[in-house]
Amino acid sequence: MRILVAPDKFAGTLTAVEAADAIAEGWRRSAPADDVVTVPMADGGPGFVDVLHSCLGGELLAATVHGPLDEPAPATFLLVNGTAYIESAQACGLALLPVGPDGRLPEPGAAERASTYGVGELVGHAVDAGATRVVVGLGGSGTNDGGAGLLAALGAVASPDGALTGGPRALAQLTELDLEPARQRTAGVELVAATDVDNPLLGLRGATNLFGPQKGIVADDDRLAADAALTRYAELADRRVADHKGAGAAGGLGYALLLLGGRRELGFSTVADAVGLPRLVADADLVITGEGKLDWQSMSGKVVSGLAGLAGPALRPCIAMAGAVQVGNRELRANGIEAAYAMVDIVGTEESFGRPRESLAAVAERVARTWSR
């Protein structure tokens, strides 16, 4: 059999590359004659650059940029045939914010002063390196500034000084905004926002209300204030664009890229097209995908649903392996997944977290006995 292994990362334990290798290793123990092809996947969040580099090659370029709270943040972007791939989480990710007293959410108030300036610096570095197309993976952000920092890094001018670089708290003081210098800086460059999120910037389904709590913007009053600040910013920039799909991605980074003439693509589709995934699916006898937690979010725009969506029309069975599975069999099949296997059910919770690579390989070894022929 020809087996295609195309998982997302197992967040907190395995990168997509590590997960793909573990599944392949375990599968070959049971079915050494099978032809196992690994294609690690991502949807725009953490791991986006590493996944593309593993599949496309190209040149990884290093840069030190400003992190969300103005600290130095080491980052890399990938340059392949004139296209630069940037992972926004490297410059403004949730993992870069200090952790609060509960050990889970960021420190209170951190996201309200956090900036996307470093992401704009990465875009500028990519343009200076000769990129004519810049694809920015949006996901895992710890910011909620509507991409104002990105615009400032590319030359946008505002009054008062510093209003674009201090997070939503500073945006509340914004009185004037000129985006033309930023547009000139990226003139002639195709900008793409790669994201699985289609939310607008503002309102009940906007960046603040949907994603603010996981960034530490928990209190109702704080979310109202942050959304009001973004509204003021949008009224000075372009209120209509704030309603576009994906404007609310990564705390509004999508909005900033749209303001510069960029367009939104599904993060999964961006990676799938870059690695030729439809052809690889058609050539396979069985498609295997997976992620850390398989739940309802997995069924909408994520890697798992994307693989199932390609496998179905190609008449190829698709199965999933995950740390935990929180979707029933009926719902899985309705979404194109023939079966799903949970590490915690097969090897136990302690083993799954303590030895994730070995545990995932063990699951794959067992599953191969059922599916390989």
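Relevant structure appears above.
Residues numbered from 1 in each chain as written. Predicted model: local features only at pLDDT ≥ 70, side-chain atom pairs only at ≥ 80, totals over all residues. Heavy atoms only, no water.

**Q** Mind showing me how you'd approach the overall build of the protein chain here?
**A** Check the secondary structure of the protein chain and you find 18 helices and 13 strands. The C-alpha radius of gyration computed for the protein chain amounts to 21 Å, which stays within 12% of the reference 21 Å derived for 373 residues, consistent with globular compactness. Its C-alpha atoms put the protein chain at 65 × 45 × 35 Å along the principal axes. Taking all 373 residues of the protein chain together, 55% fall into the buried category. Considering only contacts within the protein chain whose residues lie at least 6 apart along the sequence, 71% involve residues at least 24 apart. With an accessible surface of roughly 14,900 Å², the protein chain has 49% of that area assigned to carbon and sulfur atoms. Here the protein chain contributes 30 positive and 45 negative side-chain charges, whose respective centroids are spaced 6 Å apart. (Helix = DSSP H or I, 4+ residues; strand = E, 2+ residues; numbered from the N terminus. Rg over C-alpha atoms; globule rule 2.2 N^0.38 Å. Buried < 20%, exposed > 50% of the residue type's maximum accessible area, 1.4 Å probe, protein only. Contact = heavy atoms within 4.5 Å. Areas by Shrake-Rupley, 256 points an atom, 1.4 Å probe, with all protein chains shown as cover. Lys, Arg positive; Asp, Glu negative; His and termini not counted. Charge placed at Lys NZ, Arg CZ, Asp CG, Glu CD.)

**Q** I keep staring at the pairing of strand E1 (residues 2-5) and nothing clicks. Help me out?
**A** Sheet faces and side chains relate simply in a regular strand, where the side chains alternate between the two faces. Pairing of E1 with strand E2 (residues 35-38) involves four bridges; the strand directions are parallel. Within the sheet, the bridge partner assigned to valine 5 lies in E2 and is threonine 38. Where the polypeptide runs from E1 across helix H1 (residues 16-30) and back to E2, its parallel neighbour, the crossover connection is right-handed. (Pairing = 2+ DSSP bridges. Right-handed = clockwise from strand over helix to strand, strands pointing away.)

**Q** Which parts of the structure should I look at to understand the nonpolar core?
**A** Where a protein is soluble and globular, its nonpolar side chains tend to be buried together. If you look at the biggest cluster of nonpolar residues, it comprises 57 residues, and the most contacted ones within it are Val123, Val134, Leu150, Leu151, Leu164, Tyr233 and Tyr255. At six residues, helix H11 (residues 253-259) tops the list of elements feeding residues into this core. For tyrosine 233, the residues in contact, after removing those within four places along its chain, are Asp145, Gly146, Gly147, Ala148, Leu151, Leu171, Leu174, Leu177, Tyr255 and Leu259. If you look at the next biggest cluster of nonpolar residues, it comprises 39 residues, including Val49, Val271, Ala320 and Leu332. (Core = buried A, V, L, I, M, F, W, Y, C linked by side-chain atoms within 4.5 Å.)

**Q** Help me out: how do you make sense of the sheet that holds strand E13 (residues 339-342) in this one?
**A** In any sheet, the strands associate via hydrogen bonds between backbone groups, in a parallel or an antiparallel arrangement. Spatial ordering of the open sheet is given by E2-E1-E11-E12-E13, a layout of five strands whose pairing is parallel. Single-partner strands in this sheet number two, and they are E2 and E13. For this sheet, the mean angle separating the axes of adjacent strands, direction not counted, is 25°. This element, H1, spans E1, E2, strand E11 (286-294) and strand E12 (318-325) of the sheet and lies at about 175° to E2. (Axes fitted to C-alpha atoms, helices over the stretch in contact; angles between N-to-C directions.)

**Q** What should I look at first to understand unusual backbone geometry in this one?
**A** Trans is the prevailing form of peptide bonds, just as negative phi is the prevailing case for residues other than glycine. Here the bond from serine 159 into proline 160 is cis, since omega is 0°, no more than 30 degrees from zero. Residue placement: proline 160 occurs in the loop between strand E7 (157-159) and helix H7 (167-171). Of note in the backbone geometry, alanine 250 takes a positive phi value of approximately 55° without being a glycine. Turning to its location among the elements, alanine 250 is positioned in the loop between helix H10 (220-237) and H11. Even without glycine at this site, leucine 315 takes up a positive phi of about 60°. Along the chain, leucine 315 turns up in the loop between helix H14 (303-311) and E12.

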